[in-house]
Amino acid sequence: MSTRRFAAPDDPALDQLYAEVAEADLQPLWTQEGLMPGAPPITDVAHLWKWKTLRGLAESSGSLVPIDRGGDRRVLSLSNPGLGGLPFATTTLWGAVQYLGPGEVAPAHHHTPAALRFVLEGEGVWTLVDGDPVSMSPGDLVLTPSWRWHEHHNPGDTPMLWFDGLDIPMVRALDAVFFEDGPDEMTNRAVDPVSSAEQWYAGAPGLVPVAGPGGAAAPPAHSPLLAYRWAGTDQALTAQLAATGRSDAAVRFTDPTSGRDVMPTLRCEMHRLLPGPRTPSTRRTGSSVWVTFRGAARAVVDGRAFELEAGDMLAVPSWTGFDLEAHEPTDLFRVCDTPVLEALGLYRENTLDRHQDVS
Ligand code: GTQ
Ligand code: FE2
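All values derive from a computational prediction rather than experimental measurement.

Side note on the coordination of the iron ion (ligand 2)
The protein atoms that coordinate the iron ion (ligand 2) are His109 (NE2), His111 (NE2) and His150 (NE2), at distances of 2.1 Å. The sequence pattern formed by the donor residues of the iron ion (ligand 2) is H-x1-H-x38-H. Taken together, the positions of histidine 111 in strand E4 (residues 105-111) and histidine 150 in strand E9 (residues 150-153) put the pair 39 residues apart, joining distant regions of the chain. Histidine 150 matches histidine 111 in its accessibility class, with the two residues each being buried.

See the structure below:
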């Protein structure tokens, strides 16, 4: 858009007009600058949080900050250095590491922002999602969709650490954040490894109940399956590599009843890379957080190289060049806002002609 200014300094009538326009809480379009730039003015930056730091500080928080009713979950949020102190990983995504110590319970609550957990370390923890106890183990993806009650329990004797991905910045931008504390939590006990949601929706690949537990009620906006187990994810990636003979494979977590993304605002994927060629450099609208589950790889974001090891978390802003190269077999979890961009007709993606230069 043109940024020419029409205000002539020596025209009192025009000065008067601008004063009256401002007084009336109006602004002329023709004096705006930067309203429609040629490409999005990205403020969040590519940033890497190392597991060594995340784990150390989460553990220290575990010993110094008890979980209390009224307090929050014990969560350290990824705060993107480009966002001026906001507790957000990217413009649209909340990312965090959560630490639940032995014997601890994070009390029941619900909120309109949707959440997912990708488990990194520990055993024996379960989360109660709308009354359904869902066990958690490393590599599992667990959903707590918008407005579903949830509480976390660790009846074991080791801590658990997981990655939290939420759509808080998006829901906040829409002025639609609501939160309520729940009733007193259930007792901390061992639970069945298979949730009710899995009994219904993960019986066998490709099969869903003719009539689900909700009967003929309208299906929810999110996946009714609340846990995606590592064994299944691993198996799908292994099979895809065998089918293609390639050095990279990727799967998307979906609602088994519709094939859509797990939740309306968030897409989840798992990527496996074997040592091999660098993936093409692509850029896309919308942002991502990548969580390294295992292995070692190099990501190049906007020409900057980042070395990823197990547990490391990487923020990738919208419309920045991105590619990966594995040093050893590497598994990466990715959460992104693509369903929102797609639903609004704003999704763009392109593959660059050649790899980005690395500075
Ligand atoms: O575990 O319920 O990272 O409510 C942020 C808000 C985790 C949770 C977060 C939450 C939770
Ligand atoms: Fe929560």
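Things to note about the sheet that holds strand E10 (residues 160-166)
Pairing in this open sheet of six strands is antiparallel, and the strands run E2-E3-E10-E5-E8-E12 from one edge to the other. Looking at which strands have only one partner, the edges of the open sheet turn out to be strand E2 (75-77) and strand E12 (227-228). Together, E2, strand E3 (94-100), strand E5 (115-121) and E10 form the strand contacts of helix H2 (residues 51-64), whose direction differs from that of E3 by roughly 50 degrees.

Notes on helix H1 (residues 12-23)
Taking 1.5 Å of rise per residue, the twelve residues of H1 would be expected to cover 16 Å, and the 16 Å separating its terminal C-alpha atoms lies within 8% of that figure. For H1, the N-terminal cap is aspartate 11; the gap from its side-chain oxygen to the backbone nitrogen of alanine 13 is 3.0 Å. Once H1 finishes, aspartate 25 follows within two positions and takes phi at roughly 60 degrees, a positive value.

Observations concerning the environment of valine 129
Among the structural elements, valine 129 can be located in strand E6 (residues 125-129). With relative accessibility at 2%, the residue valine 129 sits in the buried group. Spatially, the C-alpha atoms of valine 129 and threonine 112 are 14 Å apart, while their sequence positions differ by 17 residues. Residues within four places of valine 129 in sequence aside, it is in contact with Val134, Leu143, Thr144, Arg148, Trp149 and Leu226.

Some details on the side chain of aspartate 167
Tracing the backbone shows aspartate 167 in the loop between E10 and helix H3 (168-173). Among buried Asp, Glu, Lys and Arg side chains, aspartate 167 stands out as unpaired, with arginine 117 the closest opposite charge at 11 Å. Within polar-contact distance, the side chain of aspartate 167 engages the side chain of threonine 265 at 2.6 Å. Contact partners of aspartate 167, with chain neighbours within four places excluded, come to Thr92, Pro113, Ala114, Thr265 and Leu266.

Looking at the pairing of strand E18 (residues 313-316)
Burial of E18 is two-sided: the residues Met313 and Ala315 facing one way and the residues Leu314 and Val316 facing the other way are all buried. Pairing of strand E1 (residues 47-49) with E18 involves three bridges; the strand directions are antiparallel. Of the residues in E18, the one forming a bridge with tryptophan 49 is methionine 313. In terms of strand pairing, strand E16 (residues 288-301) meets E18 through four bridges, oriented antiparallel. Bridge pairing in E18 links valine 289 to alanine 315.

Considering helix H5 (residues 230-244)
Between its first and last C-alpha atoms H5 spans 21 Å; for 15 residues at 1.5 Å apiece the expected length is 21 Å, and the two agree. Along H5, the residues classified as buried are Trp230, Thr233, Leu237 and Leu241. With its buried residues spanning 70 degrees around the axis, H5 presents them on a single face. Summarising the geometry of H5, the exposed residues directed more than 90 degrees from the buried face are Ala231, Gln235, Ala242 and Ala243. In the core, the buried residues of H5 are packed alongside E12, strand E13 (248-252), strand E14 (267-273), E16 and strand E19 (322-336). Just downstream of H5 lies glycine 245, where phi reads positive at about 70 degrees.

Focus on the pattern of salt bridges
Summed over all chains, the structure comprises 21 salt bridges. The salt bridge partner of glutamate 59 is arginine 55, with a shortest N-O separation of 3.2 Å. Within this pair, glutamate 59 and its partner arginine 55 are both found in helix H2, separated by four residues, close to a single helical turn. One salt bridge connects aspartate 261 with arginine 252, and the closest N-O pair in it is separated by 3.1 Å. Under the relative-accessibility criterion, aspartate 261 is labelled buried at 10%. We classify arginine 252 as partly exposed; its relative accessible area is 38%. Through salt bridges that share partners, Asp234, Arg272, Arg294 and Asp331 make up one connected network.

Focus on the pairing of E16
In terms of residue burial, E16 counts as a mostly covered element, since 13 of its 14 residues are buried. Looking at chain direction, E16 and E19 are connected through twelve bridges and run antiparallel. Counted as the bridge partner of serine 288 is cysteine 336 from E19. Across six bridges, E16 lies against strand E17 (residues 304-309) in antiparallel orientation. Counted as the bridge partner of valine 301 is arginine 304 from E17. Where E16 hands over to E17, the hairpin turn is made up of two residues, of which aspartate 302 adopts a positive phi near 55 degrees.

Quick look at the sheet that holds strand E11 (residues 179-181)
Strand pairing within a sheet occurs via backbone hydrogen bonds; the two strands may be parallel or antiparallel. The antiparallel open sheet is built from five strands, whose spatial order is E7-E6-E9-E4-E11. The sheet terminates laterally at strand E7 (132-136) and E11, the two strands that pair on one side only. Across the sheet, the axes of successive neighbouring strands diverge by a mean angle of 25 degrees, strand direction being ignored.

The rules behind each value
- Residues numbered from 1 in each chain as written.
- Chains lettered and ligands numbered in written order.
- Predicted model: local features only at pLDDT ≥ 70, side-chain atom pairs only at ≥ 80, totals over all residues.
- Heavy atoms only, no water.
- Donors = N, O, S within 2.8 Å, 3.2 Å for Na, K, Ca; no water.
- Helix = DSSP H or I, 4+ residues; strand = E, 2+ residues; numbered from the N terminus.
- Buried < 20%, exposed > 50% of the residue type's maximum accessible area, 1.4 Å probe, protein only.
- Pairing = 2+ DSSP bridges.
- Contact = heavy atoms within 4.5 Å.
- Axes fitted to C-alpha atoms, helices over the stretch in contact; angles between N-to-C directions.
- Expected span 1.5 Å × (residues − 1).
- Polar contact = N/O pair within 3.5 Å; in protein donor to acceptor, adjacent residues only side chain to side chain.
- Lys, Arg positive; Asp, Glu negative; His and termini not counted.
- Salt bridge = Lys/Arg side-chain N within 4 Å of Asp/Glu carboxyl O.
- Arc of directions from axis to C-beta.

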